[in-house]
Amino acid sequence: MITLTENAAKHINGYLEKRGKGLGVRLGVKTSGCSGMAYNLEFVDEADAMDTVFEAFGAKVFVDPKSLVYLDGTQVDYTKEGLQEGFKFENPNVKDS
């Protein structure tokens, strides 16, 4: 299961509104150099039949079956710390970062 905070959902919906189209965002993982895996977030205009869809506060997150193995239990938040702001992923499956 993937959960969204209200703040994350608000930002996803805001980005989709500015973009003028889209069903939600796709959260996935991809291989990233020496460190192993990195999160990948992109707009979804058309759902894939194999996707699992999670919804909270009116925002939808689409996850493919291969990524779900790594992402199950993840909470997506949107934070602002000083000059840094963006999506933050609390993933219980991460062993080292």
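Anyway, here's the lowdown on the structure attached to this text. (Residues numbered from 1 in each chain as written. Predicted model: local features only at pLDDT ≥ 70, side-chain atom pairs only at ≥ 80, totals over all residues. Heavy atoms only, no water.)

1. So, the side chain of R26
For clarity, the threshold we go by: Counting from the N terminus, the helices are the DSSP runs of H or I reaching at least four residues and the strands are the DSSP runs of E reaching at least two. Buried residues are those whose accessible area, probed at 1.4 Å on protein chains only, stays under 20% of the maximum for their type, while exposed residues exceed 50% and partly exposed ones sit between those limits. Counted as a polar contact is a pair of N or O atoms within 3.5 Å, where, for protein atoms, one must be capable of donating a hydrogen and the other of accepting one, and residues adjacent in sequence contribute only when both atoms are in side chains. Contacts: residue pairs with any heavy atoms within 4.5 Å of one another.
Mapped onto the elements of the fold, R26 is located in strand β2 (residues 24-32). For R26, a relative accessible area of 16% translates into the label buried. Engagement of the side chain of R26 in a polar contact is seen with the side chain of D51, the distance being 2.7 Å. Leaving out residues up to four positions away in the same chain, R26 has contacts with N40, L41, E42, V44, E46, D48, D51, F62 and D64.

2. Observations concerning the pattern of salt bridges
We apply this condition: Throughout this description, the term salt bridge denotes a Lys or Arg side-chain nitrogen within 4 Å of a carboxyl oxygen of Asp or Glu.
Here the structure, examined in full by the defined rule, presents 5 salt bridges. The partner of R26 in a salt bridge is E42, with the nearest N and O atoms 3.9 Å apart. A residue pair is termed long-range when its members are at least 10 positions apart, and R26 in strand β2 and E42 in strand β3 (residues 36-44) qualify at 16 residues. Under the relative-accessibility criterion, E42 is labelled partly exposed at 39%. A salt bridge links E90 to K88; its shortest N-O distance comes to 3.5 Å.

3. Topic: the environment of Y70
Residue placement: Y70 occurs in helix α2 (residues 65-71). Judged by its relative accessible area of 43%, Y70 falls in the partly exposed class. For the pair Y70 and V29, spaced 41 residues apart in sequence, the C-alpha to C-alpha distance is 7.6 Å. The residues contacting Y70, other than those within four sequence positions of it, are V29, M37, N91 and N93.

4. Describing the side chain of D51
Tracing the sequence through the fold places D51 in the loop between β3 and β4 (52-56). Classification of D51 by relative accessible area gives buried; the value is 13%. Of note is the side chain of D51, whose polar atom sits 3.0 Å from the backbone nitrogen of D48. The residues touching D51, leaving out its near neighbours within four places in the chain, are R26, F62, V63 and D64.

5. Considerations on the sheet that holds strand β7 (residues 84-90)
Put simply, the rule reads: Strand pairing follows a simple DSSP-based rule, namely that at least 2 bridges must link the two strands.
On the basis of which strands lie adjacent, the open sheet formed by 3 strands has the order β1-β6-β7 and mixed pairing. Whereas interior strands pair on both sides, the edge strands pair on one side only; in this sheet they are β1 (3-4) and β7. The pairing of strand β6 (residues 75-81) with β7 spans 7 bridges and is classified as antiparallel. Looking across to β7, one finds that V76 is bridged to F89.

6. A closer look at a nonpolar patch on the surface
Threshold: Grouping into patches uses exposed residues only, defined as over 30% relative accessible area, and leaves out salt-bridged ones; the cut-off is 9 Å for like charges and 5 Å for nonpolar side chains (Val, Leu, Ile, Met, Phe, Trp, Tyr). We get accessible surface area from the Shrake-Rupley algorithm with a probe of 1.4 Å; when it comes to residues, only the shown protein chains can shield them.
A cluster of nonpolar residues, M37, V69 and Y70, forms a patch on the protein surface that exposes about 310 Å² of accessible area. Structurally, V69 can be placed in helix α2.

On their own, these measurements won't tell you what the molecule is for.
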